[in-house]
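# Remarks on the overall topology
This is what each chain is made of:
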Amino acid sequence: YRENKVGAAEVRQTFPLGKGIVAGCMITEGKILRDSKARVRRKDEVIFDGKVGTLKRFKDDVNEVRAGYECGIRVSNFNDYKEGDVIECFEIQQFQPAL
């Protein structure tokens, strides 16, 4: 199995929303996809692994947001965002080893 980085977003601000906190982010590279695997990093340390639960652009639910745009991200079962955190999106690919 190989991990493939899809994108990254930097947390700029946090907002209370319903049952939890949403991170207001700027996508710095690649793209962020809803329902993909994600990890939250704080100063090169991984503090949470989970899944992108909510992805919003303004007030609309969206499936993906590309680099250079702002969006709201909520990682499932995580509410401890701080400004400067980085949310990374990745996928796990299975590959056949070469002989």
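This text follows the structure it describes.
Read on for a plain summary of the structure. (Residues numbered from 1 in each chain as written. Predicted model: local features only at pLDDT ≥ 70, side-chain atom pairs only at ≥ 80, totals over all residues. Heavy atoms only, no water.)

### A few points about the overall build of the protein chain
From N to C terminus, the protein chain includes 0 helices and 8 strands. Reading the protein chain from its N terminus to its C terminus gives the helix and strand order β-β-β-β-β-β-β-β. For the protein chain, whose C-alpha radius of gyration is 14 Å, the value lies close to the compact-globule estimate of 13 Å for 99 residues. On the principal axes, the C-alpha backbone points of the protein chain span a range of 50 × 25 × 25 Å. Among the 99 residues that make up the protein chain, the fraction classed as buried is 31%. Put simply, of all contacts in the protein chain between residues at least 6 apart along the chain, 61% involve residues at least 24 apart. If you sum the accessible surface of the protein chain, you get close to 6,500 Å²; carbon and sulfur atoms cover 46% of it. (Helix = DSSP H or I, 4+ residues; strand = E, 2+ residues; numbered from the N terminus. Rg over C-alpha atoms; globule rule 2.2 N^0.38 Å. Buried < 20%, exposed > 50% of the residue type's maximum accessible area, 1.4 Å probe, protein only. Contact = heavy atoms within 4.5 Å. Areas by Shrake-Rupley, 256 points an atom, 1.4 Å probe, with all protein chains shown as cover.)

### A short note on unusual backbone geometry
Glycine aside, a negative phi is what most residues show, and trans is what most peptide bonds show. With phi around 70 degrees, Asp-35 is a residue other than glycine that occupies positive phi space. Here Asp-35 is to be found in the loop between strand E2 (20–33) and strand E3 (37–42). Unlike most non-glycine residues, Asn-77 shows phi in positive territory, near 65 degrees. With respect to the element layout, Asn-77 can be found in the loop between strand E7 (70–75) and strand E8 (86–93).

### Considering the environment of Arg-42
Mapped onto the elements of the fold, Arg-42 is located in strand E3. C-alpha separation for the pair Arg-42 and Glu-83, spaced 41 residues apart in sequence, amounts to 9.4 Å. Leaving out residues up to four positions away in the same chain, Arg-42 has contacts with Ile-47, Asp-80, Tyr-81, Lys-82 and Asp-85.

### Some words on the pairing of E3
Here 6 bridges tie E3 to strand E4 (residues 45–57), and the two strands are oriented antiparallel to one another. Directly across from Lys-37, in E4, lies its bridge partner Lys-51. Hairpin geometry of E3 and E4 is characterised by an intervening segment of 2 residues between the two adjacent antiparallel strands and by a positive phi of about 55 degrees at Lys-43. With 5 bridges joining them, E3 and E8 adopt antiparallel strand pairing. Counterpart to Arg-39 in the pairing with E8 is Glu-88. (Pairing = 2+ DSSP bridges.)

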